[in-house]
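Chain residues, written in single-letter form:
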Amino acid sequence: MYDIHSDAHILISLTYASRANPDVSSQDFKQILDQAQENNLAAGITGMLTFNKEYFLQTIEGPRAQINGLLAKLIGDRRHYDLQVIECLEISARSWAEWSMNYATPTTENNAIYLRYSTTKDFNPYLLNADSARALLRDLAAKPKKAVVSRVA
Amino acid sequence: MSLAEAAAEKNAKFLHGEHILTRMTYISRYNSHNDNDELNKILDQARKNNSSRGITGVLVFNHDYFLQSIEGRRPLINELLRKLVKDPRHFSLQIIEAREIDQRRWTHWDMNYLTPTSRHKDKALQFSGASQFNPYLMSKRQIMMLIETLTKMQEQEAKKNVVEKRGLFGLRKAS
């Protein structure tokens, strides 16, 4: 007999875009990232975050209940706004084995990746469809390791 | 940079992915402290707000749970999601699936209201491993199949009612 309040053990992936609150300082950014690192590992959440001063684009993967718990917190977080879920799917395997972050600096290399998946060379996740958003994150992570802040789970 | 380019860049900052048609399906628990007529209010509100925003969809309700699928422009679906997450009349909202679609499944500008009555109850359990109906234990595919099955049942019942009306009133057309 199942507990009526239990959840199915279902693995999902959720990708969202959001706009950074202009008041957020680089100190706040560092805090966001450290906090994300800690909370996500504890909840069995892996994924990839890329951001600049204006936008966040993130994929999170993990148990359906935990991912949705995190989503509710993210929606209430005043440090960003206009959160848009781009895609949320049930998955049979994670694409991200760990928790990765990437600062979306406008380098030649990054601009080439943004341009590959959008109409502009600027990073604007609101203009991306789900396939492009997924591929863009994958390409950013595939760059040489020194450019990606990556910590093993 | 030309004037047109500058305008395009300025425009892009406010673009939201309006051109992308999205379907989002979620489940939530109904707050049992709600007033008796709260559900009717929720339905009225949804009908009014969604039709003006081009949002179509279906709502399944069974006194404990909501199952809802909503379709529309990506930014508007997400605007609605942000409201839903904060709405105290339900809780533990879980997105089951959010994806881009080529066409809508529900063409009505309002919500279909499907109550799994005793006739529908068997259908609910058909897609569930638990002895009690609980969408939190169901996979995306099971939830989508249940919504689809209940929708078809409702469509058939509506058709049957029309036929019965015709039988009674001769050539009366379906309203």
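This structure is a prediction, so every number in the text was calculated from the model and none was measured. (Residues numbered from 1 in each chain as written. Chains lettered and ligands numbered in written order. Predicted model: local features only at pLDDT ≥ 70, side-chain atom pairs only at ≥ 80, totals over all residues.)

Notes on the overall build of chain B
Working step 1: Within chain B, the regular secondary structure consists of five helices and five strands.
Working step 2: The buried share of chain B, reckoned over its 175 residues, is 26%.
Working step 3: Relative to all contacts within chain B whose residues are 6 or more apart in sequence, the contacts with residues 24 or more apart total 73%. (Helix = DSSP H or I, 4+ residues; strand = E, 2+ residues; numbered from the N terminus. Buried ≥ 20, exposed ≤ 12 C-beta atoms within 10 Å, placed from the backbone. Contact = placed C-beta atoms within 7 Å.)

What about the overall build of chain A?
Working step 1: Helix and strand counts for chain A come out as four helices and six strands.
Working step 2: In chain A, the succession of helices and strands from N to C terminus is β-α-β-β-α-β-β-α-α-β.
Working step 3: Considering chain A as a whole, with its 153 residues, one finds that 34% of them fall into the buried category.
Working step 4: Excluding contacts between residues fewer than 6 apart, the proportion of contacts in chain A whose partners are at least 24 apart in sequence is 74%.

What to know about the confidence of the model for chain A
Working step 1: Residues of chain A with pLDDT of at least 70 account for 90%, and the chain-wide mean is 86.
Working step 2: In the model of chain A, strand 6 (residues 149-151) of chain A stands out as the element of lowest mean pLDDT, 50, in contrast to strand 4 (residues 80-90) of chain A, which has the highest, 97. (pLDDT = per-residue confidence, 0-100.)

What about the interface of chain A and chain B?
Working step 1: Taken together, the contacts link 25 residues of chain A with 28 residues of chain B.
Working step 2: At the level of secondary structure, the elements contributing two or more residues to the side of chain A that touches chain B comprise helix 2 (64-76) and strand 4 of chain A.
Working step 3: The leading source of residues in the side of chain A that touches chain B is strand 4 of chain A, at seven residues.
Working step 4: Split into classes, the residues belonging to the side of chain A that touches chain B amount to 16 nonpolar, five polar and four charged. (Nonpolar A, V, L, I, M, F, W, Y, C, P; charged D, E, K, R; others polar.)

Some details on the nonpolar core
Working step 1: Core analysis: the biggest nonpolar cluster contains 54 residues, and Leu14(A), Val85(A), Met24(B) and Ile95(B) have the highest contact counts within it.
Working step 2: Tallying contributions element by element places helix 4 (residues 130-141) of chain A first for this core, with five residues.
Working step 3: If we ignore the near neighbours within four places in the chain, the residues touching Met24(B) are Val85(A), Ile70(B), Ile77(B), Leu81(B), Ile95(B) and Ala98(B). (Core = buried A, V, L, I, M, F, W, Y, C linked by C-beta atoms within 7 Å.)

Considerations on the environment of Gln58(A)
Working step 1: For Gln58(A), the location among the structural elements is in strand 3 (residues 55-63).
Working step 2: A sequence separation of 27 residues divides Gln58(A) from Val85(A), and the C-alpha atoms of the two residues are 9.7 Å apart.

Re helix 3 (residues 74-86) of chain B
Working step 1: For helix 3 of chain B, spanning 13 residues, the distance from its first C-alpha to its last is 19 Å, which sits close to the expected 18 Å at 1.5 Å a residue.
Working step 2: Those residues of helix 3 of chain B that fall on the buried side of the exposure criterion are Arg74(B), Ile77(B), Asn78(B), Leu81(B) and Val85(B). Down the axis, helix 3 of chain B shows its buried residues gathered within 95 degrees of arc, on one side only. Facing away from the buried surface of helix 3 of chain B by more than 90 degrees, the exposed residues are Lys83(B) and Lys86(B).
Working step 3: In this structure, the buried side of helix 3 of chain B is in contact with helix 2 and strand 4 of chain A together with strand 1 (21-30), strand 3 (65-73) and strand 4 (90-100) of chain B. (Expected span 1.5 Å × (residues − 1). Arc of directions from axis to C-beta.)

Points about helix 3 (residues 108-117) of chain A
All names here are of chain A.
Working step 1: The complete set of buried residues in helix 3 reads Asn 110, Ile 113 and Tyr 114. What you see down the axis of helix 3 is that its buried residues fit within an arc of 95 degrees, all on one side. Looking at helix 3, the residues exposed on the side facing more than 90 degrees away from the buried face are Thr 108, Ala 112, Leu 115 and Arg 116.
Working step 2: Check the buried side of helix 3 and you find it contacts helix 4.

Remarks on unusual backbone geometry
Working step 1: Positioned with a positive phi, Asp82(A) is a non-glycine residue whose angle comes to about 55 degrees.
Working step 2: With respect to the secondary-structure elements, Asp82(A) resides in strand 4.
Working step 3: By the C-beta count within 10 Å, which is 14 here, Asp82(A) ends up partly exposed.
Working step 4: You will see that Ser92(B), though not glycine, has its phi angle at about 50 degrees, which is positive.
Working step 5: In this structure, Ser92(B) sits in strand 4.
Working step 6: A tally of 15 C-beta atoms within 10 Å means that Ser92(B) is categorised as partly exposed.

Here's the deal with the pairing of strand 1 of chain B
Residue and element names in this part refer to chain B.
Working step 1: In terms of burial, strand 1 is largely enclosed, as seven of its ten residues are buried.
Working step 2: Where strand 1 meets strand 3, nine bridges bridge the pair, whose relative direction is antiparallel. Bridging from a neighbouring strand, Ile 27 pairs with Leu 67 of strand 3.
Working step 3: Pairing of strand 1 with strand 4 involves eight bridges; the strand directions are antiparallel. (Pairing = 2+ DSSP bridges.)

Let's talk about the environment of Ser13(A)
Residue and element names in this part refer to chain A.
Working step 1: Inspection of the secondary structure puts Ser 13 in strand 1 (residues 11-20).
Working step 2: Look at Ser 13 and you get buried, because 21 C-beta atoms sit within 10 Å.
Working step 3: Residues contacting Ser 13, with those up to four places away along its chain left out, are Thr 59, Glu 61, Leu 89, Ile 91 and Ser 95.

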